[in-house]
Amino acid sequence: SAVISQKPSRDICQRGTSLTIQCQVDSQVTMMFWYRQQPGQSLTLIATANQGSEATYESGFVIDKFPISRPNLTFSTLTVSNMSPEDSSIYLCSVGTDAYEQYFGPGTRLTVT
Amino acid sequence: KNEVEQSPQNLTAQEGEFITINCSYSVGISALHWLQQHPGGGIVSLFMLSSGKKKHGRLIATINIQEKHSSLHITASHPRDSAVYICAVFTGNQFYFGTGTSLTVIP
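Here goes a summary of the coordinates provided. (Residues numbered from 1 in each chain as written. Chains lettered and ligands numbered in written order. Predicted model: local features only at pLDDT ≥ 70, side-chain atom pairs only at ≥ 80, totals over all residues. Heavy atoms only, no water.)

## Re the sheet that holds strand E3 (residues 19-25) of chain A
Residue and element names in this part refer to chain A. With respect to topology, four strands assemble into an open sheet ordered E1-E3-E8-E7, the strand pairing being antiparallel. Since the sheet does not close on itself, it has two edges, and those belong to strand E1 (4-7) and strand E7 (68-72), each with one partner. Taking the axes of each pair of neighbouring strands and ignoring which way they run, one obtains an average angle of 15° across the sheet. (Pairing = 2+ DSSP bridges. Helix = DSSP H or I, 4+ residues; strand = E, 2+ residues; numbered from the N terminus. Axes fitted to C-alpha atoms, helices over the stretch in contact; angles between N-to-C directions.)

## Quick look at the pairing of strand E8 (residues 75-80) of chain A
Residues and elements named next belong to chain A. Burial of E8 is extensive: six of the six residues sit out of reach of the surface. Across the two faces of E8 the burial is the same, with Phe75, Thr77 and Thr79 and Ser76, Leu78 and Val80 all buried. Bridge analysis of E3 against E8 gives six bridges, and the strand direction is antiparallel. Across the sheet, glutamine 24 pairs through a bridge with phenylalanine 75, a residue of E8. Sheet topology places E7 next to E8; three bridges connect them, and they run antiparallel. Counted as the bridge partner of isoleucine 68 is leucine 78 from E8. As consecutive antiparallel partners, E7 and E8 are separated by two residues. (Buried < 20%, exposed > 50% of the residue type's maximum accessible area, 1.4 Å probe, protein only.)

## Some points on the interface of chain A and chain B
Accessible area lost on assembly of the parts is the figure often given for the size of an interface. In this assembly, 14 residues from chain A lie in contact with 18 residues from chain B. Together chain A and chain B conceal approximately 1,400 Å² of surface at their shared face, both sides included; 62% is due to carbon and sulfur atoms. Run the count over chain A and chain B and you get zero salt bridges. Where chain A meets chain B, there are four residue pairs in polar contact (both at pLDDT 80 or more). Counting residues per element, the ones that place at least two in the side of chain A that touches chain B are strand E4 (31-37), strand E9 (89-96) and strand E10 (102-104) of chain A. For the side of chain A that touches chain B, a count of residues per class yields eight nonpolar, four polar and two charged. (Contact = heavy atoms within 4.5 Å. Buried area = accessible area lost by both parts, 1.4 Å probe. Salt bridge = Lys/Arg side-chain N within 4 Å of Asp/Glu carboxyl O. Polar contact = N/O pair within 3.5 Å; in protein donor to acceptor, adjacent residues only side chain to side chain. Nonpolar A, V, L, I, M, F, W, Y, C, P; charged D, E, K, R; others polar.)

Coordinates in, geometry out; function isn't part of it.
Here it is, written out as structure tokens:
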């Protein structure tokens, strides 16, 4: 199993600012993912964070808006840039193993005013 | 059309009742996950299935690969089971998520 922590757990931000969310895993993992969960919705994959290379973004998500770093096999960051109220969501980091298991972080609850 | 469909969307039960949540999917999968999300937002993985049945405490998960269907059962439900239950399938290179079933167990 993998234990994942995220910082911050929640934040209230002003429109136009940026927030960086950190994801730390207690073991080395190959696959790290960032998800968004808008109010009342299920999870939507933003991107796959690849160690040592650029993240792979899903349709509808771009690097300028959601830059991701993955400096090593236990850590990743997601930045939500130039925020608007529509970015108010829960942002979740998850990791996958070669055995198709998936573990989720506790989430970051973002409110943009 | 969503690749993963769950039913019901919302469920209210009395404490002690037997609960079933259903999940149907339309893609070929390597594994199916049942996830639990509490109001704070964090998600816990309850089960990962690729065939048959798994049991953990009062929770039972079954999968029928031929019918592309899975069920999550909760026996002797308790108010602390109140949460959103999400079905997710892994195709081998990506996950698809259901929209979740919101369960409320009333004392």
